[in-house]
Amino acid sequence: MEQESAPVRFDTKIAVLLREDLAVWQRLNVTAFLVSGIGPAEPEVVGEPYADADGVGYLAMFRQPVMVLEGPGELLGAARAKAAKRGLALSVFTAELFATGNDRDNRAAVAAVASDELDLVGVGIHGPRNAVDRVVKGARMHP
């Protein structure tokens, strides 16, 4: 008889915090972009590749859940500042990136604005569970 294993509790957390006034397509786009940077920067969060019963292989994905939260713009700015101060892995998506069409222009748009002046529509954060919880305090789960 196969034993049921206890639920896995991760020491770290991946969180995406979105500005609450985004359109649905923007929320999805921003979330995808924000988490795309976490795997390469924090390879321990990526699990093993998948395969189905026919042996067809699939890409590896995060080994832990991604919490998607929302809040007002001010909360995103505060979360970015707290995450940076704590040295947490951090990705940002600014409103200007909706008008660019490539990575070079995206990086230039972010580089042109001081940290505290970024018009954030999303931040991605990875780090110790308790530290991430403190950074996103005040946000609510995305509906």
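Everything here concerns the structure above.
This report concerns the structure included in the present document. What you are looking at is a predicted structure, and each value in this text was computed from that prediction instead of being measured.

What follows is about the environment of T12. Within the secondary structure layout, T12 lies in strand β1 (residues 12-19). Linking T12 and P128, residues 116 residues apart in sequence, is a C-alpha distance of 4.2 Å. A polar side-chain atom of T12 sits 3.2 Å from a polar atom in the side chain of H126.

Mapped onto the elements of the fold, R80 is located in helix α3 (residues 73-86). Here R80 is in contact with L90, V92, S115, D116, L118, L120 and V123, once residues within four sequence places are set aside.

Within the secondary structure, L22 is located in the loop between β1 and α1 (24-36). Apart from the residues lying within four places of it in its own chain, the contact partners of L22 are R27, V30, F98 and V121.

A separate point is the packing of aromatic side chains. Overall, the coordinates contain 3 aromatic pairs when judged by the stated rule. Between F93 and F98, the aromatic rings sit 5.2 Å apart at their centres with planes inclined by 50°, giving tilted as the arrangement. In this structure F93 comes out as buried when scored by relative accessible area, which is 4%. For F98, a relative accessible area of 26% translates into the label partly exposed. Taken together, the ring pairs connect W25, F33, F93 and F98 into an aromatic cluster.

Turning our eyes to something else, we now look at the nonpolar core. Among the nonpolar cores identified, the biggest contains 16 residues, and L17, L88, I125, V135 and V136 are the most heavily contacted of them. With 4 residues, the single largest contributor to this core is α3. Once residues lying within four places of it in the same chain are set aside, the contact partners of L88 are A83, I125, H126, G127, P128, A131, V132 and V135. Grouped together as the second largest cluster of nonpolar side chains are 10 residues, L18, L22, V30 and F93 included.

Taken in spatial order, the 5 strands make up an open sheet running β5-β6-β1-β4-β7, and their pairing is mixed. At either end of the open sheet lies a strand with only one pairing partner, and these are β5 (89-94) and β7 (140-141). Where strand β4 (residues 66-71) meets β7, 2 bridges bridge the pair, whose relative direction is antiparallel. Residue pairing across strands places E70 opposite R140, the latter belonging to β7. Sheet contacts for α3: β1, β4, β5 and β6 (120-128); angle to β6, the most-contacted strand, approximately 35°.

What follows concerns the side chain of K13. Mapped onto the fold, K13 is located in strand β1. Owing to a relative accessible area of 16%, K13 belongs among the buried residues under this scheme. A polar contact of 2.4 Å, which involves the side chain of K13, links it to the side chain of D133.

Spanning 14 residues, α3 covers 20 Å between terminal C-alpha atoms, matching the ideal 20 Å at 1.5 Å per step. Within α3, burial applies to L75, L76, A79, R80 and A83. One side of α3 carries all its buried residues, which in axial view fall inside an arc of 135°. Among the exposed residues of α3, those oriented more than 90 degrees off its buried face are E74 and K85. Residues of α3 that are buried in the fold lie against β1, β4, β5, β6 and α5 (129-135).

Procedures and definitions
- Residues numbered from 1 in each chain as written.
- Predicted model: local features only at pLDDT ≥ 70, side-chain atom pairs only at ≥ 80, totals over all residues.
- Heavy atoms only, no water.
- Helix = DSSP H or I, 4+ residues; strand = E, 2+ residues; numbered from the N terminus.
- Polar contact = N/O pair within 3.5 Å; in protein donor to acceptor, adjacent residues only side chain to side chain.
- Contact = heavy atoms within 4.5 Å.
- Phe/Tyr/Trp six-rings, centres within 6.5 Å; stacked < 30°, edge-to-face > 60°.
- Buried < 20%, exposed > 50% of the residue type's maximum accessible area, 1.4 Å probe, protein only.
- Core = buried A, V, L, I, M, F, W, Y, C linked by side-chain atoms within 4.5 Å.
- Pairing = 2+ DSSP bridges.
- Axes fitted to C-alpha atoms, helices over the stretch in contact; angles between N-to-C directions.
- Expected span 1.5 Å × (residues − 1).
- Arc of directions from axis to C-beta.

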